[in-house]
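For reference, the chains in residue letters:
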Amino acid sequence: MLAFTSILPLFPTILNYYSKEGHRDWLYDISVKGLQSFQEAIGVPHSERYDKVFFGGFLGSLFSALQFISSPTLGSLSDIYGRRAIISLCCIVTFISYVNWLKADTFAYFVLARILGGLSKGNINVATAIVSDVYTPEDHPKGMALIGISYSLGFLIGPMIGAYFSTIASSTDSPFAAPAIFSIVLTVIEFAFLFFLPETLDLKEQKSLDDIKKTRKELITPKDLFQFTAVNAPQDKKKEMQKIGWIYFLFLFLYSGLEFTLPFLTHLRFDFDNMQQGKLYLFTGLLMLPIQGKYVRKTPIEKQKAVAEFGIACIIPAYLLVAVAQTPLVLYAGLFFYAIASATVVTSLTSLVHVIYPQNEKGVLAGIFRSLGCLARALGPVISSTFFWLLGATSCYIMGALLLIFPLILLKRLENPTAKKTV
């Protein structure tokens, strides 16, 4: 997460870098021409500043779309070959993607690095499967909170490091050379740690390769994902999972819009530089860390539904405050509520869906749930960036706040899946 988050505050600067002569290539020119044709078709005036918002949304969606393809497959393969083997493979491909990022002197090369990075980010999914191996269903929130704390630490430190390295880069260097080297070093250290990671998969629960081939369609097709077709569970249990899956998808679809367009909003509205962008993530991470470590992790499983409801309720004022923010103070007030939602919703919903699932094929369930999130993030940034580009930030964020009422209502109407286990 440290390596992954170091690039987040740099997107506006990176896109500016590739728009200049010497780094602007055929892929960038084709993208600009296609965007201009779309603008002419719908009658929107051309604006180079807002074009970069759309490009950023496209890259964010591309990255998550590749995760959508790879995560469930890698999760299922970890049920065959073990967690260590698959997470090691992800680590190697991640290393290659960061090397490509370091050498990316053209836009096409940078896109290639993002493609490799998206395909290799199944390590988060495998880590979730490891948590399911180690923790009992009742203690699952504690394990998920550890992953949440890792997210918080990554968002706390990574963006600041990336922003700092970009500010000290010389005029002859690319603005991301040092962050790329930093990511490469961290990936090497991660790979070294894997030698000390014990295999957590029970060999008796291993699936055959034939089973993986049989369920490949079920792990990739959106319809099958929403129906949890690959899960070998009673139909009543599947219906409970499907409801949680839809809530999870709708929340992340809308949430990811704010998450990805935030650096562009602050760059356009407040003229924030990379370091100021990094401070936004620092502020959010400082809030998320104690919430996950002292609150979410210690909340019993039967109260996780209430935690998720509170988190979704907080993201609504977050959107509204960011929408109307004309001063950094109001912006940070919105980020306060944003941090609460970031620290609670995903962790709590993931714990809830694992409670109602039988104790086998944990990698499949983790892959499906993770893939639903990737699908939401694949659609969210590009759609949010399009509305940001067409309507402006204020209208885009207000619309997002109103739409977030729907997953909140669905969650409140959902019967607590832990109630039956308690009985």
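Everything here concerns the structure above.
The sections below set out a description of the structure shown in this document. (Residues numbered from 1 in each chain as written. Predicted model: local features only at pLDDT ≥ 70, side-chain atom pairs only at ≥ 80, totals over all residues. Heavy atoms only, no water.)

A word on the state of the cysteines
- Evaluation of the coordinates by the stated rule reveals zero disulfides.
- You can see C91 has no disulfide; the closest cysteine sulfur is in C90, sitting 8.6 Å from it. (Disulfide = S-S within 2.5 Å.)

Examining the nonpolar core
- Residues I315 and L349 are the most contacted members of the largest nonpolar core, which totals 86 residues.
- Among the elements that make up this core, the one with the highest residue count is helix α13 (residues 235-269) (15 residues).
- Non-local contacts of I315, meaning those with residues more than four positions away in its chain, are made with F251, Y255, L258, Y338, A341 and L404.
- In terms of nonpolar packing, the next biggest core, distinct from the first, is built from eight residues, M288, I291, A339 and I340 among them. (Core = buried A, V, L, I, M, F, W, Y, C linked by side-chain atoms within 4.5 Å. Buried < 20%, exposed > 50% of the residue type's maximum accessible area, 1.4 Å probe, protein only. Helix = DSSP H or I, 4+ residues; strand = E, 2+ residues; numbered from the N terminus. Contact = heavy atoms within 4.5 Å.)

Considerations on the pattern of salt bridges
- Under the definition given, this model contains five salt bridges.
- A salt bridge links D29 to R24, with the shortest nitrogen-to-oxygen separation between them at 2.7 Å.
- The class of R24 is partly exposed, set by a relative accessible area of 30%.
- Its salt-bridge partner being K412, residue E309 comes within 3.7 Å of it at the nearest N-O pair. Here K412 lies in helix α19 (residues 405-413) and E309 lies in helix α15 (residues 304-324), a separation of 103 residues in the sequence. (Salt bridge = Lys/Arg side-chain N within 4 Å of Asp/Glu carboxyl O.)

Re a nonpolar patch on the surface
- A surface patch of nonpolar side chains, about 760 Å² in accessible area, is lined by L102, I181, V185, I189, F193, F195 and F196.
- The dominant element in the nonpolar patch, judged by the number of residues it contributes, is helix α9 (residues 177-193), at four residues.
- Inspection of the secondary structure puts I181 in helix α9.
- Overall, I181 belongs to the partly exposed group, its relative accessible area being 44%. (Patch = residues over 30% accessible without salt bridge, like charges linked within 9 Å, V, L, I, M, F, W, Y side chains within 5 Å. Areas by Shrake-Rupley, 256 points an atom, 1.4 Å probe, with all protein chains shown as cover.)

Examining unusual backbone geometry
- Phi at F228 takes a positive value of approximately 55°, unusual for a residue other than glycine.
- Relative to the elements of secondary structure, F228 occurs in the loop between α12 (222-227) and α13.
- F228 gets classed as buried once you look at its relative accessible area, which sits at 0%.
- One non-glycine residue, D271, lies in positive phi territory at about 60°.
- Looking at the secondary structure, you find D271 in the loop between α13 and α14 (274-296).

Notes on α13
- In this model α13 runs 50 Å from its N-terminal to its C-terminal C-alpha over 35 residues, within 8% of the 51 Å that 1.5 Å per residue would give.
- Maximal helix bending in α13 amounts to about 45°, located at T261; proline P263 follows within four positions. (Expected span 1.5 Å × (residues − 1). Bend = angle between axes of the 7 residues up to and from the residue.)

Don't take any of this as a statement about function, it's just geometry.
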